[in-house]
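The chain contents come next:
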Amino acid sequence: MLGFAPGPIPYHDSTTLGPTTLLGASLDLLLWLDLHLPDVNIGHAPTRQRVIVTAAGSYAEAGLDTVENRRWPVLQGGPCRLWDTLEHAMQQWQRLDHPGRNRRVITAPDHELSRYVWLDDPDSAYAWPLTT
């Protein structure tokens with residue numbers, strides 16, 4: 001035994017999502033990302049030249065220097081691949097024309113299990129349950 005903590009083996013990959021995009025994210029984008037990853041934390045480790053993201057017991061680190069053809073190195077660990085989720089959420093946000101807060105509505109009836117956020121229309125394909 002080499003003394004490593006038990007758990008999933010970190011996953012190495014690369015991304016086309018520039019890590020600095022997350023550092024300068026607007027409030028609308030941060031709220032969008034929070035719908036996909038509740039309690040997401042985005043930070044910067046300047047001495048290590050990395051953007052660090054944590055949520056749901058998982059982490060992702062993306063290097064600030066490209067490795068090839070506008071791709072950045074990514075290391076992910078934990079129960080889910082955080083960076084993959086972030087990348088998907090960003091692509092969706094761009095595809096939906098950067099939906100702002102004015103396009104999101106909260107439905108909050110008395111029954112706690114029926115509370116959710118929806119985009120544009122309560123019957124749209126884009127709805128997220130509110131967590132307590």
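Bear in mind the structure is a predicted one, so any value in this text is a computation, not a measurement.

Basis of the calculations
Residues numbered from 1 in each chain as written. Predicted model: local features only at pLDDT ≥ 70, side-chain atom pairs only at ≥ 80, totals over all residues. Heavy atoms only, no water. Helix = DSSP H or I, 4+ residues; strand = E, 2+ residues; numbered from the N terminus. Buried < 20%, exposed > 50% of the residue type's maximum accessible area, 1.4 Å probe, protein only. Areas by Shrake-Rupley, 256 points an atom, 1.4 Å probe, with all protein chains shown as cover. Pairing = 2+ DSSP bridges. Patch = residues over 30% accessible without salt bridge, like charges linked within 9 Å, V, L, I, M, F, W, Y side chains within 5 Å. Salt bridge = Lys/Arg side-chain N within 4 Å of Asp/Glu carboxyl O. Lys, Arg positive; Asp, Glu negative; His and termini not counted. Contact = heavy atoms within 4.5 Å. pLDDT = per-residue confidence, 0-100. Axes fitted to C-alpha atoms, helices over the stretch in contact; angles between N-to-C directions. Parallel < 35°, antiparallel > 145°, perpendicular 65-115°, else oblique. Left-handed = near helix turned anticlockwise from the far one by under 90°. Nonpolar A, V, L, I, M, F, W, Y, C, P; charged D, E, K, R; others polar.

**Student:** Lay out the overall build of the protein chain with the relevant residues and their values.
**Tutor:** Of regular secondary structure, the protein chain possesses three helices and eight strands. Put simply, the protein chain runs from its N terminus to its C terminus through helices and strands in the order β-α-α-β-β-β-β-α-β-β-β. Within the protein chain, buried positions represent 34% of all 132 residues. Total accessible area on the protein chain stands at roughly 8300 Å², and carbon and sulfur atoms take up 53% of it.

**Student:** I'd like a description of the pairing of strand E2 (residues 41-45), backed by residues and values.
**Tutor:** Inspection of the sheet shows E2 paired to strand E3 (residues 50-55) by five bridges, in the antiparallel sense. Following the sheet pairing, alanine 45 is matched in E3 by arginine 50.

**Student:** Pulling in residues and values, what's your account of a nonpolar patch on the surface?
**Tutor:** Where nonpolar side chains cluster on the molecular surface, the patch consists of Leu27, Leu30 and Leu31 and spans about 240 Å² of accessible area. As for its position among the elements, leucine 27 is in helix H2 (residues 27-36). For leucine 27, a relative accessible area of 48% corresponds to the partly exposed category.

**Student:** Tell me what's going on with the side chain of glutamate 87, and back it up with residues and numbers.
**Tutor:** Secondary-structure assignment places glutamate 87 in helix H3 (residues 82-95). Buried charge glutamate 87 goes without a salt bridge, the closest partner of opposite sign being arginine 71 at 5.7 Å. What glutamate 87 contacts, discounting residues up to four positions off in sequence, is Thr15, Thr16 and Leu17.

**Student:** Kindly report on the confidence of the model for the protein chain, identifying the contributing residues and their values.
**Tutor:** With 85% of its residues at a pLDDT of 70 or more, the protein chain has an overall mean of 83. Here strand E6 (residues 104-107) stands out as the least confident element of the protein chain, with mean pLDDT 67; strand E5 (residues 72-77) is the most confident, with 94. Contacts of residues 1-6 to residues separated by more than four positions or lying in other chains number zero contacts, the stretch itself having pLDDT below 50.

**Student:** Explain the packing of H2 against H3 to me, and be specific about the residues and the numbers.
**Tutor:** Here H2 crosses H3 at 125 degrees, and the two axes come no closer than 10 Å. When the axes of H2 and H3 are compared, the pair comes out oblique. As H2 runs across H3, the sense of the crossing is right-handed. Touching Asp28, Leu29, Trp32, Leu33 and His36 of H2 are Thr85, Leu86, Ala89, Met90, Gln92 and Trp93, all from H3. Along the lines of polarity and charge, the residues of the contact of H2 with H3 split into seven nonpolar, three polar and one charged.

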